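# Fold and geometry: a report
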Amino acid sequence: MDTATDARGGTGGLRERKRLRTRQAISDAAIRLFLSEGFETVSVARVADAAEVSKPTLFKYFPTKEDLVLHRFADHEDEAARTVRDRPADVPPLDALHRHLLDGLERRDPITGLSDRPEAVELSRLLLATPSLVARLADYTARTEALLAHALAEAVGAGPDDLACRLAARQIVGTQQLLGMDNCRRVSSGMPLDAAHREAVADADRAFALLRDGLGGLLGR
């Protein structure tokens, strides 16, 4: 029956939308509390209460307290790898990654650290001031590096565990994170966004020039 078919399709879509709304509600409640009272002060139980969910439900969406903040980084874990895989055939991997970063800076993408939206600025301050968040960020970094290393290996025809590609991925991801942290500090200090953008672009250009000097033989110039 058509109605049954539509109902099955609608139920699936409704279930997914409800899941996404619940995840967003939990995240929003957590961020509000963390920004107003501090990450260490607010308990997971308080976040669950504010989001009107149980603690088991919260942990189903966010396995650790740190994930309530850092899931935004997790959403970008495969971004560098996708940039390499989706690049035009005649564009070297480093050039593709460089262009992608510049595009993000132009769009003031919060993941680049160059966003003056109040919540993004406060989140940057929260991250930089909370050692447990910085430590947890290392887990996301490791996954990003592994995904990028695999994509680079595919790009140059190397094996999945190629040492050179793993070293390259570590340098590239580390460079992007350092640039992002510098951008966060610029914006958090009150530097006008246009001035921060100019400095961020200059630093990105210099950083990728240095990467090309070191990695050009592997990844092209």
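Residues numbered from 1 in each chain as written. Predicted model: local features only at pLDDT ≥ 70, side-chain atom pairs only at ≥ 80, totals over all residues. Heavy atoms only, no water.

### A closer look at the environment of Leu70
Counting through the fold element by element, Leu70 comes out in helix α4 (residues 67-74). Overall, the relative accessible area of 0% leaves Leu70 in the buried class. The spatial distance from the C-alpha of Leu70 to the C-alpha of Tyr140 is 8.4 Å, given a sequence separation of 70 residues. The contact partners of Leu70, leaving out residues within four places of it in the chain, are Leu127, Leu133, Arg136, Leu137 and Tyr140. (Helix = DSSP H or I, 4+ residues; strand = E, 2+ residues; numbered from the N terminus. Buried < 20%, exposed > 50% of the residue type's maximum accessible area, 1.4 Å probe, protein only. Contact = heavy atoms within 4.5 Å.)

### Here we look at unusual backbone geometry
Glycine aside, negative phi is the norm for most residues, and most peptide bonds take the trans geometry. Unlike most non-glycine residues, Glu52 shows phi in positive territory, near 60°. Among the secondary structure elements, Glu52 is positioned in the loop between α2 (44-51) and α3 (55-61). Glu52 gets classed as exposed once you look at its relative accessible area, which sits at 74%. Of note, Arg108 is a non-glycine position whose phi angle comes to about 55°, a positive value.

### Remarks on the packing of aromatic side chains
Evaluated as defined, the whole model comprises one aromatic pair. When the ring centre of Phe39 is taken as reference, the NZ or CZ atom of Lys65 above it lies at 4.6 Å. Just above the ring of Tyr140 sits the side chain of Arg143; from NZ or CZ to the centre is 5.0 Å. (Phe/Tyr/Trp six-rings, centres within 6.5 Å; stacked < 30°, edge-to-face > 60°. Lys NZ or Arg CZ within 6 Å of the ring centre and 35° of its normal.)

### Details of the nonpolar core
Formed by 29 residues in total, the largest nonpolar core has its most connected members in Leu97, Leu114, Leu148, Leu152 and Ile172. For this core, the secondary structure elements donating two or more residues are α5 (79-85), α6 (93-106), α8 (131-156), α9 (163-188) and α10 (193-219). In terms of residue count, α10 provides more of this core than any other element does, eight residues in total. By size, the runner-up hydrophobic cluster in this structure holds 26 residues, among which are Ala30, Ile31, Leu133 and Met181. (Core = buried A, V, L, I, M, F, W, Y, C linked by side-chain atoms within 4.5 Å.)

### Notes on the packing of α4 against helix α7 (residues 118-129)
Between α4 and α7, the shortest axis-to-axis distance is 12 Å and the interhelical angle comes to 110°. What the angle tells us is that α4 and α7 run roughly perpendicular. Crossing handedness for the pair α4 and α7: left-handed. Within the contact between the two elements, α4 uses Val69, Leu70, Arg72 and Phe73 and α7 uses Glu119, Leu123, Leu126 and Leu127. Taken together, the residues of the contact of α4 with α7 break down into six nonpolar, no polar and two charged. (Axes fitted to C-alpha atoms, helices over the stretch in contact; angles between N-to-C directions. Parallel < 35°, antiparallel > 145°, perpendicular 65-115°, else oblique. Left-handed = near helix turned anticlockwise from the far one by under 90°. Nonpolar A, V, L, I, M, F, W, Y, C, P; charged D, E, K, R; others polar.)

Worth remembering: the numbers are spatial, not functional.
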